Amino acid sequence: LVHNLEYEAHRLSGTGVAQAVFGTTRAGRCSGKLFEVLARRLGEECNKLSIEDCVKAAGGFLRGPTSIAESVVLRGPLVERILGLGLPAFPSAELISLLDALSRASPGTWGVETLASAVLEALHAHLDELSLENLASVVRSLGYLRPESPEVLAALLDKTQAALAASKAAARA
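Source: prediction; values computed, not measured.

Caption draft 1: Expanded view of the side chain of H126. Position of H126 among the secondary structure elements: in the loop between helix 8 (112-124) and helix 9 (132-142). Since its relative accessible area comes to 15%, H126 is described here as buried. The contact partners of H126, leaving out residues within four places of it in the chain, are P88, F90, S92 and L95.

Caption draft 2: Structural detail: helix 3 (residues 32-45). Compared with an ideal rise of 1.5 Å per residue, which puts 14 residues at 20 Å, helix 3 spans 20 Å between its outermost C-alpha atoms and is within 8% of the ideal. Turning to helix 3, its buried residues number three or more, namely L34, F35, V37, L38, A39, R41, L42 and E45. Looking at the buried side of helix 3, the elements it contacts are helix 1 (2-8), helix 2 (14-26), helix 4 (51-61), helix 5 (66-74) and helix 6 (77-85).

Caption draft 3: Seen up close, the packing of aromatic side chains. Considering all chains together, one arrives at 1 aromatic pair under this definition. In this arrangement the basic side chain of R75 is found over the ring face of W110, its NZ or CZ atom lying 3.9 Å from the centre.

Thresholds, definitions, all that
Residue numbers run consecutively from 1 along every chain, following the written order of its sequence. Where totals are concerned, whole chains, interfaces and linings use all residues; where local detail is concerned, this predicted model gives features only for residues with pLDDT of at least 70, and gives and counts side-chain atom pairs only at 80 or more. Excluding hydrogens and water, the side-chain figures rest on all heavy atoms present in the structure. Only DSSP runs of H or I reaching four residues or more are called helices, and only runs of E reaching two or more are called strands; each is numbered from the N terminus. Only protein chains enter the accessibility calculation, which uses a 1.4 Å probe; a residue is then buried when its area is under 20% of its type maximum, exposed when over 50%, and partly exposed in between. Contact criterion: two residues are considered in contact whenever any of their non-hydrogen atoms come within 4.5 Å of each other. Expected span of a helix, by definition, is 1.5 Å for each gap between consecutive residues, and there is one gap fewer than residues. Aromatic rings from Phe, Tyr and Trp, taking only the six-membered ring of Trp, are treated as a pair when their centres fall within 6.5 Å; an angle between ring planes under 30 degrees marks them as stacked, one over 60 as edge-to-face, and anything in between as tilted. Whether a charge sits over a ring comes down to the Lys NZ or Arg CZ being within 6 Å of the ring centre and within 35 degrees of the ring normal.

Here it is as C-alpha cells:
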C-alpha cells in the first residue's frame with residue numbers, strides 16, 4: 001500500500017495528503033521518495049486544507065527529513081496556510097497537537113522555536129479550558145522546545161501546577 005502511494009499521491013486531495021503523511025510516518029513506513037511526492041502534492045492542495053488537515057500534515061512532515069520539514073512546514077505552503085487561517089482560530093486541541101508535532105521535529109530544525117512560540121501565545125488564550133491531560137501534554141512538548149515567551153510559559157506552568165493541586169485535593173476528598 002505504501003509503495004503504491006508514491007505512484008498515486010498525485011490523485012490525493014489535501015486532506016488525503018495530510019492523512020497519508022501522518023499515517024505513514026506514525027507507522028514508520030514513509031520513505032524519502034514518498035515524503036517528496038507528498039510534499040509536492042501538498043504544495044498543490046495547500047489552500048484547501050482545514051485546520052485539522054494542517055495539524056496532521058505538520059505532524060507527519062515534521063517527523064521526516066529535516067530539509068522537507070523545513071521546506072513544507074516551516075518555510076513553505078503549510079506555514080503560510082496555518083498563518084492564513086490564523087492561530088487564534090485554532091481550537092485548543094489542535095494547538096496542543098501542533099505543539100506536539102513541533103516538539104517531535106529533529107533538533108536544529110529551522111523555525112521550530114518561532115512557530116512553537118506563536119502556538120504557545122495562541123494557546124495562552126485557552127488556558128482555562130485545558131484539562132490536566134492537556135496541560136501535561138503541553139508541558140511534555142515544552143521539554144523539547146525552548147519557547148521565546150517567558151510570560152506565557154510561566155502562566156502555563158502555574159496553571160498546570162494549580163490543576164494538579166486541585167486534582168490531588170479532589171482525590172483526597
